[in-house]
Amino acid sequence: MTDAFRIRQLKESEIHIPLELAMEEGWNPGIEDGPAFFTADPNGYFAGEIDGKLINVISAVRYGDTFGFIGLYICKPEFRTMGYGHRIWDHAMAYLGSRVIGLDAVNEQTASYAQHGFKSVYRNIRHAGISMCDTPMDPRLAPLGHGLFPGIRDYDQRFFPAERTQFLKTWAAPMLETRRGFAFVEDGHVRGYGIIRQCHEGYKIGPLFADEPEIADTLFRTLAGQVKGQTIILDTPEPNAAALLMAEKYELSPEFETFRMYRGLAPDLPLDQLYGITTFELG
């Protein structure tokens, strides 16, 4: 191993690099994920280089002082099994420090992460299919924007281990042409919300949070109806039986899975109301 290997932070103008590597790996990120990802933690993206040539990347996003999330852990094929991955991993873990840390792992990597103190808590199942939905006419549905953000921010805190306001401001931005979001508002209270975004292949729905299965169903049809005839993707936590039934109802087929793992005390989240995770990369 050469001493020429060094690790540095990625700049905002370089956030496209790990997303392009993710696309090459078949991870299918959203085409405008970069700004929201970077806003979540501008210091949390790292690249490993040899003589100025980028060979690997990783994200280690800090959410406040108590929680962090590892993602976008990618090494170019010709540099794998040479120890460089371990070095950038150690750098990312040191950056996150003593926080509880989450990640989504494919099955063949869970044993490796377990050696670093991570434990599998539940499985996420990616479902995909063609949207045949029509948008329901329901007066309780409201497009994101129009002064809804404070309610969305507060509602979201039930479903994530830490505050993520800066990320949400960009993720839920109503002005982006490649994503749309809706809230279910009843008696002045947000009771669910969801966002759909364009990816390099198809459209992903995430997050999709709702108090009740009927609300989740209404939001799902609303989101999927925005892109009728196109491929839609939904990442559902397996403990939510209603989410799995909803995916089956709309003829979405399982095509991929990850295991949500945590180092430290796993957060107690209302998985029965979590129908679609936000993103495998940032939690």
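Model, not experiment: these values are computed from the prediction. (Residues numbered from 1 in each chain as written. Predicted model: local features only at pLDDT ≥ 70, side-chain atom pairs only at ≥ 80, totals over all residues. Heavy atoms only, no water.)

**Student:** What's the story with the overall build of the protein in this structure? I'm lost.
**Tutor:** Check the secondary structure of the protein and you find 8 helices and 13 strands. At 19 Å, the protein has a C-alpha radius of gyration in line with the 19 Å of a compact globule built from 283 residues. Its C-alpha atoms give the protein principal-axis dimensions of roughly 60 × 35 × 35 Å. Across the 283 residues of the protein, 55% fall into the buried class. By sequence separation, contacts in the protein at least 24 residues apart represent 75% of the contacts at least 6 residues apart. When the accessible surface of the protein is split by element, carbon and sulfur atoms take 50% of a total near 12600 Å². Each charge class in the protein can be summarised by its mean position, and for the 27 positive and 38 negative side chains these summaries are 3 Å apart. (Helix = DSSP H or I, 4+ residues; strand = E, 2+ residues; numbered from the N terminus. Rg over C-alpha atoms; globule rule 2.2 N^0.38 Å. Buried < 20%, exposed > 50% of the residue type's maximum accessible area, 1.4 Å probe, protein only. Contact = heavy atoms within 4.5 Å. Areas by Shrake-Rupley, 256 points an atom, 1.4 Å probe, with all protein chains shown as cover. Lys, Arg positive; Asp, Glu negative; His and termini not counted. Charge placed at Lys NZ, Arg CZ, Asp CG, Glu CD.)

**Student:** When you look at the UniProt feature "domain: N-acetyltransferase" (unreviewed entry) in the protein in this model, what are you seeing that I'm missing?
**Tutor:** Per the UniProt entry, the sites bearing "domain: N-acetyltransferase" (unreviewed entry) are residues 5-142 in this numbering. This span, residues 5-142, is 25% helix and 38% strand, and a straight line between its end C-alpha atoms measures 50 Å. (UniProt positions renumbered as here; feature names shortened; annotations may be inferred.)

**Student:** Explain the pairing of strand S3 (residues 53-63) here, please?
**Tutor:** Judged by how many residues are buried, S3 sits mostly within the fold: 9 of 11 residues are covered. Examined bridge by bridge, strand S2 (residues 45-50) and S3 share 6 bridges and lie antiparallel to one another. Looking across to S3, one finds that Glu49 is bridged to Leu54. Hairpin connection, S2 to S3: the antiparallel pair is bridged by 2 residues, and Asp51 has positive phi, about 50°. In this sheet, strand S4 (residues 67-75) lies alongside S3 in antiparallel orientation, the contact comprising 7 bridges. Counterpart to Ser59 in the pairing with S4 is Gly71. If you look at the hairpin formed by S3 and S4, you'll find 3 residues sitting between the two strands, and Gly64 has a positive phi there, around 70°. (Pairing = 2+ DSSP bridges.)

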